Amino acid sequence: MASVSATSATFRVSLKPCFKNNQVTGGTSTTVKMARAGWAKNVFPTLRTSRFNVCCAAKPETVQKVCEIVKKQLALSDETELTPESKFAALGADSLDTVEIVMGLEEEFGISVEEESSQNITTVQEAADLIEKLVQKKPEA
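Cut-off values and rules
Residues numbered from 1 in each chain as written. Predicted model: local features only at pLDDT ≥ 70, side-chain atom pairs only at ≥ 80, totals over all residues. Heavy atoms only, no water. Helix = DSSP H or I, 4+ residues; strand = E, 2+ residues; numbered from the N terminus. Contact = heavy atoms within 4.5 Å. Areas by Shrake-Rupley, 256 points an atom, 1.4 Å probe, with all protein chains shown as cover. Axes fitted to C-alpha atoms, helices over the stretch in contact; angles between N-to-C directions. Parallel < 35°, antiparallel > 145°, perpendicular 65-115°, else oblique. Left-handed = near helix turned anticlockwise from the far one by under 90°. Nonpolar A, V, L, I, M, F, W, Y, C, P; charged D, E, K, R; others polar. 1 Å grid on protein atoms, 1.4 Å probe; cavity = no way out; pocket = protein on both sides within 12 Å on 5 of 7 lines; lining within 4 Å. Points joined across faces, edges and corners; volume = space filled by probe spheres on them. Salt bridge = Lys/Arg side-chain N within 4 Å of Asp/Glu carboxyl O. Buried < 20%, exposed > 50% of the residue type's maximum accessible area, 1.4 Å probe, protein only.

The next point concerns the overall build of the protein chain. A count of helical and extended segments in the protein chain gives 4 helices and 3 strands. The N-to-C order of helical and strand elements in the protein chain reads β-β-β-α-α-α-α. Relative to all contacts within the protein chain whose residues are 6 or more apart in sequence, the contacts with residues 24 or more apart total 50%. For the protein chain, the computed accessible surface area is about 10700 Å², with 52% contributed by carbon and sulfur atoms.

Right, dumping it as structure tokens:
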């Protein structure tokens with residue numbers, strides 16, 4: 001006899017769970033789904049999802065500013081549409097371009113990005129998330 005169970009949780013920007021008859025009640029939300037399947041009497045191996053990834057997205061204005069800087073550094077046209085998931089490599093950026101993008105971000109936001117962190121930035125969202133993290137850590141002047 002097989003058994004399957006699934007759970008769905010929806011979180012708003014405030015990261016508070018909001019369950020209401022399986023309906024989202026508006027606003028920006030992220031849906032996290034977890035599933036577990038198994039078989040009785042261990043006839044077949046159990047399949048479980050053990051990864052649970054929650055990402056706190058950067059402010060929309062930060063993402064927009066990152067998009068502007070990326071377009072400028074890569075000399076992309078205004079018609080080029082960038083999304084938070086846009087990968088620098090897919091836009092034609094090489095490692096030197098990525099360094100220039102990071103330098104532009106440092107200048108614009110008044111932050112300093114460590115070399116190790118800058119090598120891990122591959123998308124607009126990753127850059128925006130890192131900026132938010134560094135801006136929050138920055139001591140107020």
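Glancing now at the packing of helix H1 (residues 60–73) against helix H2 (residues 95–109). Where H1 contacts H2, the two axes come as close as 10 Å, and the packing angle between them is 135°. As summarised for this structure, H1 and H2 are arranged oblique, according to the angle between their axes. As for how H1 packs across H2, the hand of that crossing is right-handed. Residues Thr-62, Lys-65, Val-66, Ile-69, Val-70 and Gln-73 of H1 touch H2, and the partners they reach there are Glu-100, Ile-101, Gly-104, Leu-105, Glu-108 and Phe-109. Taken together, the residues that form the contact of H1 with H2 break down as 6 nonpolar, 3 polar and 3 charged.

By volume, the second largest pocket is sized at about 220 Å³. Among the elements of the structure, H1 and H2 are those that each provide at least two residues to the lining of the second largest pocket. Of the residues assigned to the lining of the second largest pocket, the class counts are 2 nonpolar, 2 polar and 6 charged.

Using the criterion set out here, one finds 2 salt bridges in the structure. Of the charged contacts, one joins Lys-65 and Glu-108 as a salt bridge, the two residues approaching to 3.6 Å between their closest N and O atoms. Note that Lys-65 is positioned in helix H1 and Glu-108 in helix H2, a separation of 43 residues in sequence. Look at Lys-65 and you get partly exposed, because its relative accessible area is 27%. A relative accessible area of 42% means that Glu-108 is categorised as partly exposed. Residues participating in the shared-partner salt-bridge network are Lys-65, Glu-68 and Glu-108.

Keep in mind these numbers describe shape, not what the thing actually does.
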